[in-house]
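Residues per chain are reported as follows:
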Amino acid sequence: MRHANLVEAFQNILPSESVLFEPEDLRPYECDGLSAYRQLPMIAVLPGNEAEVIEILKICEAEKIPVVARGAGTGLSGGALPHADGVLLSLAKLNEILEIDPVACTARVQPGVRNLAISEAAETYGLYYAPDPSSQIACTIGGNVAENSGGVHCLKYGLTVHNILKLRVLTIEGDVLEIGSEALDSSGFDLLALMTGSEGMLGIISEITVKLLPKPETARLVMAAFDDIEKAGAAVANIIRAGIVPAGLEMMDKMTIAAVEEFIHAGYDPDAEAILLCESDGSNEVVANEIEKIRDIMHESGAVRIDTAHSDAERQRFWAGRKAAFPAAGRVSPDYYCMDGTIPRKHLAEVLRRIEDLSLEFGLRCMNVFHAGDGNLHPLILYDANRSGELEKAEAFGARILEICIEAGGSLTGEHGVGIEKLNQMCLQFGDAERDLFHAVKAAFDPDSQLNPGKAIPSLRRCAEFGAMHVHRGEEKFPDLPRF
Amino acid sequence: MQTRLDEQFQNTPQGREAETILRSCVHCGFCLATCPTYQLSGNELDSPRGRIYLIKQLLEGQEVTRKTQLHLDRCLTCRACESTCPSGVEYARLLDIGRNEVEQTIKRSPIDRMLRFALRKVLPNRSLFAFVLKSARLSRPLLPERLQRMVPAQPKIRQNPPQANHPRRMLVLQGCVQPALNPDINHAAERVLDKLGIALVDAQQAGCCGALAYHLDAQPEGLDAMRRLIDAWWPYIANPDKLIEAIVVTASGCGVMVKDYGRLLKHDSAYAEKAARVSELAKDIGEIVAAERPELTRLLENCPAPEAEAIAFHAPCTLQHGQRLDGVIESILQTAGFRLTRVGDTHLCCGSAGAYSIVQPHIARQLRDNKIAALTRDDPAIVVTANIGCQMHLQSGTQLPVRHWIEILDQVLCGQTEDRFP
Ligand SMILES: Cc1cc2nc3c(=O)[nH]c(=O)nc-3n(C[C@H](O)[C@H](O)[C@H](O)COP(=O)(O)OP(=O)(O)OC[C@H]3O[C@@H](n4cnc5c(N)ncnc54)[C@H](O)[C@@H]3O)c2cc1C
Ligand code: SF4
Ligand code: SF4
């Protein structure tokens, strides 16, 4: 179908303001939270309900047109980067909380509902939705499922996958799949886990039933300041070794603290080389006990200042600062490139040191924010996209960081997904056999590869080309790959 | 964000300022969450990040049409996005630059132009506006009920304020529409400040602060109004014998504008210095009263506590996002013994936004109704706010009385118990 006919077909099912097809209107949709990668879609559609989404999918299926789903566009790996010949499918208008069941502790919501909005709505019942990505104020639950997002409280409460019960998923043909159940286990393959983290490549999520948790009786937060980042790393290890599972355990380095303080005035120690935020929640008694222990461990690990938030408002402010850390980087630098590797905690100090060396080598500053509890590292490489060559330098720096993570026994995405950004590194992490399997799963859902094509799993060819460029210490990394 | 400004903007002061602002946006999307128009439409083009992008493409020399203008028009300039933005993006300033640029290239329809022209001519003109208002009030009984509500009722004027004479003196901004709509606000401010030992001085020639024109696509006209106001105030400010401590503004929408004079006129060599001084002196009435808290507390001890009626406070955007005075007035009201009800989504705009409720009535009405629902869910006896525009706009959608907070503080302090909640 020609462009004009397609537009007309969409206009027949949607209000005219919900079909965007001119560059002027499309440009604000050309990128997500990773604005270094940009691409105008052919058309963007903004359906308002599931029936409209199904109609849209049917048209796209009939015409074999690629479909890229988009939630709030906060993704940091370019997952919602449009396809030049495809339709960008925004789910932001599907933003209704359909039902909260305070007895079963569940909420049934549309995909465009903001993560935080669920907890706000559940608050009346003393409930909340646990996974709290730093972007929770804005990101959608559909996007969270598609990326299997984590957050500062995931150490104790798990990632998105551990907190959802049921999904409605639309196939590229426009058929409705009901996956999972209200019960904790369901028979058959665990498709729920498969859909979680599928980055919009297997189906369009049109409804989500999430688990809600009772708000803990109390939550308290310790902020510990260190004059040496390695000591902070050791403190993290000591806390976990002591058998404590904090509700959250986060680290920020000096540059991050300075940027965030300017926005939120949380009261972090400005002189510290690193600070740890460590939260305990539960019954009053348990928390009092645990906080005492945490303070002791921080002290023994060499903390130079230890504060416990005096009020819930102060506790929230401490977290708000941490959650604003990425965009606060915009105060220090016009652009940042956020990395997302995981490492075994014990290698933290060494990995941070190597990042510092690389920072000197590349001549680019790097801020470090760290989900310390679960070893998920977020180095923010600061660069200036207006200077030619700097983005490429930042990318090369980032790639080296991810390699260090893999060498240290970690992996290359903790929670932000692969998207378009980490395709090459996927060649490093997985061998042929695994990648073949990924492609087979994709084909089972989406035989013509129309759903978010070109993302998350690299083609064989791409890996071969990447491998050829990337000969490590004189030896080829992927001897099993066919060479072109 | 990366920018590639078109040559024509690269070397203008506005172009450079816009570029700095654009570059500070990291495209994180946090601001979408608190933007009232995005909440209604779910369209990126009606979000702060989307508007920033629209302005970016305009300044990068891409062709833009009436559609860009429409999405910029729909912005309330409520600046909730600025409060949310961790990166410190000065969105409203960028919007001013963008709107002005669009205005140069895109011609509005004759009807749209006429409406905007009429608003700019009538509203800031105190006597003309008073005349129009009076005519509307006279014909009020003849109008259908829905329209009746849109015409503000004649407020009761209580006793006139005293001719206070204190060594501490402050200038007061009369404003343009407020004296006709509700003269009692400034009278109440005068009485309260009199009790606190401060005399208010009125500069006779002073008119509109310029906000109306400035935000209705006539920035040069707005700047002229600012210069006129500065001229009217200057003899008082520069008089070494009768020192002026501050310029008191009782409408937060005007306050935010006056506080911005310094920046807006910084390239005007004749006015830059004076404008900066005026901005420095400008204070919301809430700031003034809050600074006198010990004296206020002492005075309150001799007043009967207010009846236990519950108050819902609506913080105008110009107060909380523009002037960043979140919580200041709430705490004064609590000191005065009022019980504040719980209000949801306090960060959201009520839809008044200057002349917005007239030029974008559809969105304005939705926002107003949402706001009233959020304000009344805890069953208050009265709604209070800090800006005449919000007061009138909210009042048009509810039977509950909507008042300026200084009026009810005045009632407590000055013992005017009759006519408490009209
Ligand atoms: C400042 C900042 C902080 C962040 N912090 C965290 C963090 O702490 N933890 C974390 O995990 N992430 C974090 N992120 C990344 C991002 O917010 C998450 O990945 C989030 O889940 C994306 O949600 P979204 O609605 O913005 O999705 P988008 O960015 O719009 O889309 C993300 C992916 O999901 C797909 N998708 C979206 N909706 C659907 C749907 N309904 N059906 C199928 N596919 C869909 C898209 O195609 C795309 O591949 C952060 C991002 C920013 C900018
Ligand atoms: S919150 Fe600030 S930095 Fe983030 S997209 Fe909005 S304006 Fe840009
Ligand atoms: S000023 Fe208000 S309406 Fe305008 S973009 Fe910001 S939040 Fe949205």
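Given the structure is predicted, the values throughout are model-derived calculations rather than measurements.

Turning our eyes to something else, we now look at the overall build of chain B. Scanning chain B from terminus to terminus reveals 25 helices and eight strands. On C-alpha atoms alone, chain B measures out to a radius of gyration of 21 Å, which is about the 22 Å that the 2.2 N^0.38 rule sets for 422 residues. Taking the principal axes of its C-alpha atoms as reference, chain B extends roughly 65 × 50 × 45 Å. Within chain B, buried positions represent 59% of all 422 residues. With the model as given, the accessible surface of chain B reaches about 17300 Å², and the carbon-plus-sulfur share is 53%.

Bringing the sheet that holds strand β7 (residues 382–385) of chain B into the picture now. All names here are of chain B. Ordered in space as β6-β5-β7-β8, the four strands form an open sheet in which the pairing is parallel. Here the strands that pair on one side only, and so sit at the sheet edges, are β6 (339–340) and β8 (402–404). Here helix α25 (residues 405–413) sits on the sheet and contacts β5 (310–313), β7 and β8; the angle it forms with β8, its principal contact strand, is near 75 degrees.

Glancing now at the interface of chain B and chain A. At the junction of the two partners, chain B supplies 41 residues and chain A supplies 42 residues. It is Arg23, Phe30 and Tyr53 of chain B in chain B that bury the most area against chain A; as a group they hold 19% of the surface buried on that side. We note a salt bridge from Asp335 of chain A to Arg23 of chain B, for which the minimum N-O separation is 3.1 Å. Broken down by secondary-structure element, the contributors of at least two residues to the side of chain B that touches chain A are α2 (13–24), α3 (36–41), α4 (48–59), α5 (66–73) and α6 (80–84) of chain B. Counted by class, the side of chain B that touches chain A contains 14 nonpolar, 19 polar and eight charged residues.

Okay, the site of ligand 1 next. Close to ligand 1 lie 37 residues, the nearest being Ala69, Gly71, Thr74, Ser135 and Thr140 of chain A. Neighbouring residues of ligand 1 are not confined to one chain but are distributed across chains A and B. For ligand 1, a nitrogen atom lies 2.9 Å from a polar atom in the side chain of Glu415 of chain A. Side-chain polar atom of Asn452 of chain A to an oxygen atom of ligand 1: 3.4 Å apart, as the coordinates give it. In isolation ligand 1 exposes 970 Å². Once the protein is present, 100% of that is buried. Of all the elements in the fold, those that place two or more residues in the shell around ligand 1 are β3 (67–70), α5 (141–147), β10 (204–211) and α12 (325–328) of chain A. Broken down by element, the residue count for the shell around ligand 1 peaks at five residues, all from α5 of chain A. Among the residues making up the shell around ligand 1, the classes are represented as 15 nonpolar, 18 polar and four charged.

With 83 residues, the main nonpolar core has Trp233, Tyr261, Val289, Trp405, Ile406 and Leu409 of chain B as its most contacted residues. Looking at this core element by element, the count peaks at seven residues for helix α14 (residues 219–238) of chain B. If sequence neighbours within four positions are ignored, Trp405 of chain B has contacts with Ile285, Gly286, Val289, Ile329, Ile332, Leu333, Val384, Thr385 and Ala386 of chain B. Core analysis: the next-biggest nonpolar cluster, separate from the first, contains 52 residues, Ile294, Ala303, Leu402 and Val418 of chain A among them.

Bringing the confidence of the model for chain A into the picture now. For chain A, the average pLDDT comes to 91, and 96% of its residues sit at 70 or higher. In the predicted structure, residues 471–484 of chain A sits below a pLDDT of 50 and forms 25 contacts with residues beyond four places in sequence or in another chain.

Another aspect to go through is the site of ligand 2. For ligand 2, the full set of nearby residues is Cys25, Val26, His27, Cys28, Gly29, Phe30, Cys31, Arg49, Ile52, Cys85, Ser87 and Val89 of chain B. Residue composition of the shell around ligand 2, grouped by class: eight nonpolar, three polar and one charged.

Moving on to the sheet that holds strand β1 (residues 168–172) of chain B. Residues and elements named next belong to chain B. Taken together, four strands build an open sheet; the order of strands is β2-β1-β3-β4 and the sheet is parallel. If you trace the sheet from one side to the other, it starts and ends with β2 (198–202) and β4 (282–284), each paired once. Mean inter-strand twist for the sheet, computed between neighbouring axes without regard to direction, equals 40 degrees. Relative to strand β3 (residues 246–249), β1 is paired through three bridges, and the arrangement is parallel. Among the inter-strand pairings, Met170 is bridged to a residue of β3, identified as Ala246. Its contacts with the sheet place α14 against β1, β2 and β3, and it is angled at close to 175 degrees to β1. Helix α17 (residues 272–281) rests against β3 and β4 of the sheet, and its axis sits at about 25 degrees to β4.

All names here are of chain A. Its place among the elements puts Ala328 in helix α12. For Ala328, a relative accessible area of 0% puts it in the buried group. When the C-alpha atoms of Ala328 and Ile205 are compared, they prove to be 31 Å apart, with 123 residues separating the residues in sequence.

Another aspect to go through is the side chain of Glu250 of chain A. All names here are of chain A. Here Glu250 lies in strand β13 (residues 248–253). A distance of 2.7 Å separates the side chain of Glu250 from the side chain of His371, its partner in a polar contact. Filtering out sequence-adjacent residues up to four positions away, Glu250 remains in contact with Val152, Ile275, Leu276, Leu277, Trp319, Arg322, Phe370, His371 and Ala372.

Turning next to the pattern of salt bridges. The final tally for this structure, using the stated rule, is 63 salt bridges over all chains. Residues Lys323 of chain A and Asp132 of chain A are paired through a salt bridge, measuring 3.0 Å at the closest nitrogen-oxygen approach. Of this pair, Lys323 of chain A sits in helix α11 (residues 312–323) while Asp132 of chain A is found in the loop between β7 (127–128) and α5, placing the two residues 191 residues apart along the sequence. Residue Lys323 of chain A shares its accessibility class with Asp132 of chain A, and that shared class is buried. With a closest N to O distance of 3.2 Å, Arg368 of chain B and Asp369 of chain B form a salt bridge. On the basis of relative accessible area, Asp369 of chain B is assigned to the partly exposed category, the value being 38%. Members of the salt-bridge network, linked through shared partners, are Arg66, Asp73, Glu103, Arg108, Asp112, Arg116 and Asp217 of chain B.

All names here are of chain A. As for its position among the elements, Thr256 is in helix α9 (residues 254–264). Among the polar contacts listed, one links the side chain of Thr256 to the backbone oxygen of Asn368, at a separation of 3.4 Å. Look past the residues within four positions of Thr256 in its chain and what remains in contact with it is Ala325, Met367, Asn368 and Val369.

Side chains of Phe189, Leu191 and Leu194 of chain A sit close together on the surface and give an oily, nonpolar patch of about 320 Å² of accessible area. Note on placement: Phe189 of chain A falls in the loop between β9 (176–180) and α7 (191–195).

Procedures and definitions
- Residues numbered from 1 in each chain as written.
- Chains lettered and ligands numbered in written order.
- Predicted model: local features only at pLDDT ≥ 70, side-chain atom pairs only at ≥ 80, totals over all residues.
- Heavy atoms only, no water.
- Helix = DSSP H or I, 4+ residues; strand = E, 2+ residues; numbered from the N terminus.
- Rg over C-alpha atoms; globule rule 2.2 N^0.38 Å.
- Buried < 20%, exposed > 50% of the residue type's maximum accessible area, 1.4 Å probe, protein only.
- Areas by Shrake-Rupley, 256 points an atom, 1.4 Å probe, with all protein chains shown as cover.
- Pairing = 2+ DSSP bridges.
- Contact = heavy atoms within 4.5 Å.
- Axes fitted to C-alpha atoms, helices over the stretch in contact; angles between N-to-C directions.
- Buried area = accessible area lost by both parts, 1.4 Å probe.
- Salt bridge = Lys/Arg side-chain N within 4 Å of Asp/Glu carboxyl O.
- Nonpolar A, V, L, I, M, F, W, Y, C, P; charged D, E, K, R; others polar.
- Near = heavy atom within 4 Å.
- Polar contact = N/O pair within 3.5 Å; in protein donor to acceptor, adjacent residues only side chain to side chain.
- Core = buried A, V, L, I, M, F, W, Y, C linked by side-chain atoms within 4.5 Å.
- pLDDT = per-residue confidence, 0-100.
- Patch = residues over 30% accessible without salt bridge, like charges linked within 9 Å, V, L, I, M, F, W, Y side chains within 5 Å.

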